[in-house]
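Read off the chains here:
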Amino acid sequence: MLHKKLVSIFFLSILFLCCKEEKKALPIQDIEPQQIEMKYASGFTITEFQDYKILNITNPWPKSDKQFKYALVPKENQSKITLNKDDYDGIITIPIETIVVTSTTHIPALEHLGVENRLIGFPGCDYVSSEKTRARINTGQVRELGSNEGINTEILLELRPDLVMSFGVEGSNKSLETINASGISVIYNGDWVEKSPLAKAEWIKCFGILFDKSEKANMVFNTIETNYMDAKKMASEAIEKPSVLCGAMYKDIWYLPNGTSPEAQILKDANTNYLWSDTEASGSLALSFETVFEKAQDAELWISPSYYGSYDDLKASNDHYTKFKAFQSKNIYTFSNTKGETGGVLYYELGVLRPDLVLKDMIKVCHPNLLPEYKTTFFKPLK
């Protein structure tokens, strides 16, 4: 009997060890990957595997036929897995410790996630409006890198950031190609290509996954979405819908948002009558002065007259501007005068992440009685 018990224990032990070994050797491919749902954004996807994540940039610039695929590997898992570099446009260790971004629209995401101290370089520091990041620029913690079109690769390679977050207009940037060839991963951020204000704001989740701050990113975005929807509901209660004109002339062409643009979406959600809300285009509308004047000479409000900061500037540029009702009644509003200490326009920096603030500005301008105590963040009366 003792012999039989020993034999049974022996075989049970072998079976236990085999099962344990088999579990240990389970390949990561057998674990069902999960794609993180994006509510509005369509330009990127995040897929979670057992030991790493995949970030796909699916729409880096308009009409792009190229996509980018990055493997994001947590530091603690680096020794566990081996990935084929040829399968990815970059294999990135997360969380990111140091980063270079190339658009002011990226900076608010860093600040809202509390990782602004990871920023070590930026091309065109004078364009940065944020007081928090300006303080780091002024103390030399963020290096000047020239311009986005011609980044100073010598300084950047000296900094050796973990990642460069850039954007591409057509995908041809020799500086970025040089950086990528040096072993520094470059991610093309396509937030500016998105078709709705909330889709642009949702790109904070891309930053969240890179800095291991996904929970924080979700909280920030959910707050922005809630604020936006609450403001939209408030605007829907307005009885009147003021007629709105946008943009101004550049040389002989008047540029203004098409009806499917994020800017037009905000005007719609602010419950206004944007005069070109029924148009569709892949970019801005490009019209003659005569076409715009015929349709908008009696518009009640004129929003964002290009870079002009005063009525005198508008008149000096083109005396025909004075013929618009909005000019005569002094109902023109601009974001171009709300700047940081070195001249950076706040709207170009914060407006993408905070469409809730942009919408509330529009409601204040178009329906001031709905927000009697509210002080606008970006848009101010033209001087």
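Before reading further, recall that the structure is shown in the block above.
A brief report on the enclosed structure follows. (Residues numbered from 1 in each chain as written. Predicted model: local features only at pLDDT ≥ 70, side-chain atom pairs only at ≥ 80, totals over all residues. Heavy atoms only, no water.)

### Overview of the sheet that holds strand 4 (residues 68-74)
The line we're drawing: Two strands pair under a simple rule: DSSP has to find at least two bridges between them. Helix numbers and strand numbers start at the N terminus; a helix is a DSSP run of H or I with at least 4 residues, a strand a run of E with at least 2. Whenever a helix is involved, its axis is fitted only over the stretch in contact; in every case the axis is a line through C-alpha atoms, and angles between N-to-C directions fall within 0 to 180 degrees.
Spatial ordering of the open sheet is given by 1-2-3-4-5, a layout of 5 strands whose pairing is mixed. Two strands lie at the open edges of the sheet, namely strand 1 (34-36) and strand 5 (90-94), each paired on one side alone. Strand after strand, the sheet turns through a mean of 25° between neighbouring axes, direction not considered. Bridging between strand 1 and strand 2 (residues 44-48) involves 3 bridges; their strand directions are antiparallel. Looking across to strand 2, one finds that Ile-36 is bridged to Ile-46.

### Digging into the side chain of Glu-111
What counts, and what does not: Each residue gets one of three labels from its accessible area relative to the maximum for its type: buried under 20%, exposed over 50%, partly exposed in between, using a 1.4 Å probe on protein chains only. Positive charges are assigned to Lys and Arg, negative charges to Asp and Glu, while His and the chain termini are left out of the count. By salt bridge we mean one thing: a side-chain nitrogen of Lys or Arg within 4 Å of a carboxyl oxygen of Asp or Glu. Here a polar contact is taken to be a pair of N or O atoms separated by no more than 3.5 Å, where protein atoms must pair a possible hydrogen donor with a possible acceptor and residues adjacent in sequence count only if both atoms sit in side chains. By definition, residues are in contact when any of their heavy atoms lie within 4.5 Å.
Tracing the chain through its elements places Glu-111 in helix 2 (residues 107-112). Put simply, Glu-111 is tucked away with no salt bridge, and the nearest opposite charge, on Lys-132, sits 5.4 Å away. Reaching out from Glu-111, the side chain makes a polar contact with the side chain of Thr-133 at a distance of 2.5 Å. Other than its neighbours up to four places away in sequence, Glu-111 contacts Glu-116, Ser-130, Lys-132 and Thr-133.

### Re the packing of aromatic side chains
Each pair of aromatic rings is reported with the distance of its centres and the angle of its planes. Stated precisely, the cut-off is as follows: Here is the rule: rings of Phe, Tyr and Trp (six-membered ring for Trp) pair when centre to centre is within 6.5 Å. Planes less than 30 degrees apart are stacked, more than 60 are edge-to-face, and the remainder are tilted. The rule is short: NZ of Lys or CZ of Arg within 6 Å of the ring centre and within 35 degrees of the ring normal puts a charge over the ring.
With the rule as written, the count across this model stands at 25 aromatic pairs. Here Trp-61 and Tyr-188 contribute two aromatic rings whose centre-to-centre distance is 5.5 Å and whose plane-to-plane angle is 80°, an arrangement assigned as edge-to-face. One end of the pair, Trp-61, is in the loop between strand 3 (53-57) and strand 4; the other, Tyr-188, is in strand 10 (residues 185-188), with 127 residues separating them in the sequence. By relative accessible area, which is 8% here, Tyr-188 ends up buried. Between the aromatic rings of Tyr-347 and Tyr-348, the centroid separation amounts to 6.0 Å while the plane-to-plane angle is 65°, which identifies the pairing as edge-to-face. For Tyr-347, a relative accessible area of 18% translates into the label buried. Aromatic rings pair up to connect Trp-254, Phe-289, Phe-293, Trp-302, Tyr-307, Tyr-308, Tyr-321 and Phe-324 into one cluster. In this arrangement the basic side chain of Lys-66 is found over the ring face of Phe-68, its NZ or CZ atom lying 4.8 Å from the centre.

### A closer look at the sheet that holds strand 16 (residues 301-303)
One open sheet accounts for 5 strands, arranged 14-11-16-17-18; its pairing is mixed. Of all strands in the sheet, those with a lone pairing partner are strand 14 (273-274) and strand 18 (380-381), marking the two edges. Summarising the sheet, strand 11 (residues 243-246) and strand 16 pair through 3 bridges and their orientation is parallel. Note that in strand 16 the partner of Cys-246 across the bridge is Ile-303.

### As for empty space enclosed by the protein
Put simply, the test is: Lining residues are defined by having an atom within 4 Å of a point belonging to a cavity or pocket. Those points lie on a 1 Å grid over the protein atoms alone, cavities being sets where a 1.4 Å probe fits but cannot get out and pockets being open sets with protein on both sides within 12 Å along at least five of seven lines. Grid points are joined across faces, edges and corners, and a volume is the space filled by probe spheres set on the points. Under the scheme applied here, ten amino acids are nonpolar (Ala, Val, Leu, Ile, Met, Phe, Trp, Tyr, Cys and Pro), four are charged (Asp, Glu, Lys and Arg), and all others, including Gly, are polar.
Per the stated rule, a full pass over the model turns up 1 cavity of 30 Å³ or more. Estimated volume of the largest cavity: approximately 60 Å³. Every residue lining the largest cavity is listed: Thr-105, Ala-109, Asp-191, Lys-200, Ala-201, Trp-203, Ile-204, Phe-207, Val-352 and Leu-353. Mapped onto the lining of the largest cavity, the elements with two or more residues apiece are helix 6 (197-201) and helix 7 (204-210). Considered class by class, the residues forming the lining of the largest cavity number 7 nonpolar, 1 polar and 2 charged.

### As for the packing of helix 8 (residues 214-236) against helix 9 (residues 262-269)
For the record, the criterion: Each angle is binned into one of four classes, with values under 35 degrees roughly parallel, values over 145 roughly antiparallel, values of 65 to 115 roughly perpendicular, and all other values oblique.
Where helix 8 meets helix 9, the closest approach of the two axes is 9 Å, and the angle between their N-to-C directions is 55°. On the basis of the axis angle, helix 8 is oblique to helix 9. On the side of helix 8, the interface is formed by Tyr-228, Lys-232 and Ala-235, while helix 9 contributes Gln-265, Ile-266 and Asp-269. Split into classes, the residues belonging to the contact of helix 8 with helix 9 amount to 3 nonpolar, 1 polar and 2 charged.

Note that every value here comes from positions in space, so none of it alone points to a role or purpose.
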